[in-house]
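# Coordinate analysis (summary)
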Amino acid sequence: MTDAVLTINAGSSSIKFALYSLQDMSPLLSGKIVNIGQSPSLKASDIHGTDLCQPAIEIGDQASTHETLISWLLNWLKEHDSGILLKSVGHRVVHGGQSFTEATRVTPSVLLQLKALIPLAPLHQGHNLSAIEAISKWAPRLPQVACFDTSFHHTQSELAKLFAIPRKYTENGIIRYGFHGLSYEYIANQLPKYLNKHADARVIVAHIGNGASMCALKNGRSVASSMGFTALDGLMMGQRCGSLDAGVILHLLQHYKMSAAAIEHMLYKESGLLGVSGISNNMQVLQQSDDPHAAEAINLYCYRAARELSSLVSTLNGLDAIVFTAGIGENSALVREKICEHLAWLGVVLDNKANQSNNDVISNLKSSVQVLIIPTNEELVIAKATKALLE
Ligand code: ADP
C-alpha cells in the first residue's frame, strides 16, 4: 500500500486534484472534474501522462453539486487504485484573512472563521470550503489542511498593505492581501536553480493564466503584489477588469442604477479579455482571431501588464529577473514578447528563438534583466505543506 496525500483545488466550474506519495512526494496521478454546472466530466492521467479516462467520464448533470462530485471523485479514486491509502487532504483556500498566515489543519472552528471570509472572495472561497465540508462528511476522521493564497504575502510591509482610506476601515481588515501565493511560493523555491544572481535577487513573477497577478520578490519573499483586497485588482484578466478607477463604480451605481450584484457580475465575469474583445476570455482563441477587437484586447492586456510590472520595479529599487508562469505565461510567446517590448527601457532584451520555443531562459545574453519561464505547481506546494503540518 502507498500512503498518499490528495490535493484539491475547487473552483466554480472545475475541481482540480492530484495524488502524491507521502513517502517521497512523487506524483501518483492528477486530473480535474470540468464543466460543473453544465455536464460535469472527469479527466485524469497518471504520472506518465497516460490518460486514465478516455473518453472523459460523464458524471452527473447540471444539478450536480460540489458535494456530490467530491464524493463521486473519492469513490472513483478508491476504486481506481486499491494500492493507495489516502492519509490526508490538502486544499487550496483562496483567502486566509489576517489570521491564517500559514497552512492550517481544518477544525470546526477554523472552518467557521474561513466562512466569515467568503464576502472577501465571493467567487472562490465558498467552493473551496464546500469541498472541505464534503470530505468531512465522506470521511470525518481524514485530516484536512487549508493552504492559503494569501499567506505568502504576509511578509509585505504595513505600508505595502495600506489603502489611502480612513483608518477605521483599515482596522476592520480592508487592506491589500495579495493572492496566487501558492504559485509564488513554488516559484520562489525554484528560483535559485535559475538565477544568475542569488543573494537579494529582485524578481517580479507574472502569474498570468485566466486569473492573473504579479508579485515582487526580494530574496524569495513577497514585497508587493498587484492583487489587493480581492482577486479583482491589478492586471487585466480573462474575465476580470483588474485595477479600475473607483469612480467608475460610483457612476454605475448612481447613473446606470446598477445593483451591487450586477456590477459584481460585470467586473468579475464580463470584463477583461472577454469584455474588450467581445469574443472570448481565452487567450488562445483571441490569438487565432483576426477581429481587430481581439488584437486590441491582447494589446491592452500586455500594455497593462507592463505598466503594473514597471510600478512593482520601484518597490524593489531595481530588477534582476522576470518570471512568466501559468497558462498564458508558460505558453504564449506573443504575450511575453509584447509585454517585454514595453520593458525595453529597463534593458530587457528577449532571445526571440528561445521565446518562441518556450525555453526556460528567454532573455538575450545582452539583457540587463534575466527573463525566465518556470511552470508553476501549486499542487506540490499544497501536498508538501499538508505533509509537513501533519507530521
Ligand atoms: P487558470 O487561471 O484557470 O488556472 P490557466 O493557468 O490554465 O488558467 O491559463 C488559461 C489561459 O492560458 C487561457 O487564456 C488559455 O488560452 C491560455 N493558454 C494556454 N495555452 C496557450 C497557448 N499555447 N497560447 C496562448 N495562450 C494559451
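Shown above is the structure to which this text applies.
Computed from a predicted structure; not experimentally measured. (Residues numbered from 1 in each chain as written. Predicted model: local features only at pLDDT ≥ 70, side-chain atom pairs only at ≥ 80, totals over all residues. Heavy atoms only, no water.)

### Quick look at the pattern of salt bridges
Evaluated as defined, the whole model comprises 8 salt bridges. Note that Asp149 is salt-bridged to Arg92, the shortest N-O span being 2.6 Å. Of the two residues, Asp149 sits in the loop between strand 8 (144-148) and helix 4 (158-161) while Arg92 sits in strand 6 (residues 84-93), which places them 57 residues apart along the sequence. Put simply, Arg92 and Glu378 hold a salt bridge, and the shortest N to O gap is 3.8 Å. Of this pair, Arg92 sits in strand 6 while Glu378 sits in helix 15 (residues 378-390), and the two are 286 residues apart along the sequence. (Salt bridge = Lys/Arg side-chain N within 4 Å of Asp/Glu carboxyl O. Helix = DSSP H or I, 4+ residues; strand = E, 2+ residues; numbered from the N terminus.)

### Description of the layout of surface pockets
Here the second largest pocket defines a volume of roughly 550 Å³. In this structure, the second largest pocket is lined by 19 residues; those nearest its centre are Phe229, Thr230, Leu232, Ile249 and Leu267. For the lining of the second largest pocket, the secondary-structure elements that each account for two or more residues are helix 7 (246-254) and helix 8 (260-269). Considering every element that reaches the lining of the second largest pocket, the biggest residue donor is helix 7, with 4 residues. Along the lines of polarity and charge, the residues of the lining of the second largest pocket split into 13 nonpolar, 4 polar and 2 charged. (1 Å grid on protein atoms, 1.4 Å probe; cavity = no way out; pocket = protein on both sides within 12 Å on 5 of 7 lines; lining within 4 Å. Points joined across faces, edges and corners; volume = space filled by probe spheres on them. Nonpolar A, V, L, I, M, F, W, Y, C, P; charged D, E, K, R; others polar.)

### Quick look at the site of the ligand
Taken together, the neighbourhood of the ligand is formed by 14 residues, with Asn210, Asn282, Met283, Gln284 and Gly327 sitting nearest. Between the ligand and Asn210 there is a distance of 3.1 Å, counted from an oxygen atom to a backbone nitrogen or oxygen. One of the backbone N or O atoms of Met283 is found 3.0 Å from an oxygen atom in the ligand. Looking at the shell around the ligand, the element that brings in the most residues is helix 12 (residues 326-331), giving 4 residues. Tallied by class, residues from the shell around the ligand come to 3 nonpolar, 10 polar and 1 charged. (Near = heavy atom within 4 Å. Polar contact = N/O pair within 3.5 Å; in protein donor to acceptor, adjacent residues only side chain to side chain.)

### A look at the pairing of strand 13 (residues 370-373)
The alternating pattern of strand 13 places Gln370 and Leu372 and Val371 and Ile373 on opposite faces, both of which are buried. Sheet topology note: the strand 12 (residues 321-325)/strand 13 ladder contains 4 bridges and is parallel. Its bridge partner being in strand 13, Val323 is matched across the sheet by Leu372. (Buried < 20%, exposed > 50% of the residue type's maximum accessible area, 1.4 Å probe, protein only. Pairing = 2+ DSSP bridges.)

### Some words on the sheet that holds strand 11 (residues 221-225)
With respect to topology, 5 strands assemble into an open sheet ordered 11-10-9-12-13, the strand pairing being mixed. Strand pairing shows two members of the sheet lacking a second neighbour, strand 11 and strand 13, which therefore form its edges. Pairs of neighbouring strands in the sheet enclose a mean axial angle of 25°, with direction left out of account. Sheet topology note: the strand 9 (residues 202-208)/strand 12 ladder contains 5 bridges and is parallel. (Axes fitted to C-alpha atoms, helices over the stretch in contact; angles between N-to-C directions.)

### Concerning helix 13 (residues 333-341)
Those residues of helix 13 that sit buried are Ala333, Val335, Arg336, Ile339 and Cys340. On an axial view of helix 13, the arc spanned by its buried residues comes to 165°, and they lie on one face. (Arc of directions from axis to C-beta.)

### A look at the packing of aromatic side chains
Applying the stated criterion across every chain yields a total of 2 aromatic pairs. Taking 6.3 Å as the distance between ring centres and 35° as the angle between the ring planes, the aromatic pair formed by Tyr177 and Phe229 counts as tilted. One end of the pair, Tyr177, is in the loop between helix 5 (167-171) and helix 6 (181-194); the other, Phe229, is in the loop between strand 11 and helix 7, and 52 residues separate them in sequence. (Phe/Tyr/Trp six-rings, centres within 6.5 Å; stacked < 30°, edge-to-face > 60°.)

### Section: the sheet that holds strand 6
Within the open sheet, the 8 strands sit side by side as 5-4-3-2-1-6-8-7. Their pairing is mixed. Of all the strands in the sheet, the pair left with one neighbour each is strand 5 (57-58) and strand 7 (104-105). In terms of strand pairing, strand 1 (residues 2-10) meets strand 2 (residues 15-21) through 7 bridges, oriented antiparallel. When the sheet's bridge partners are listed, Leu6 is paired in strand 2 with Leu19.

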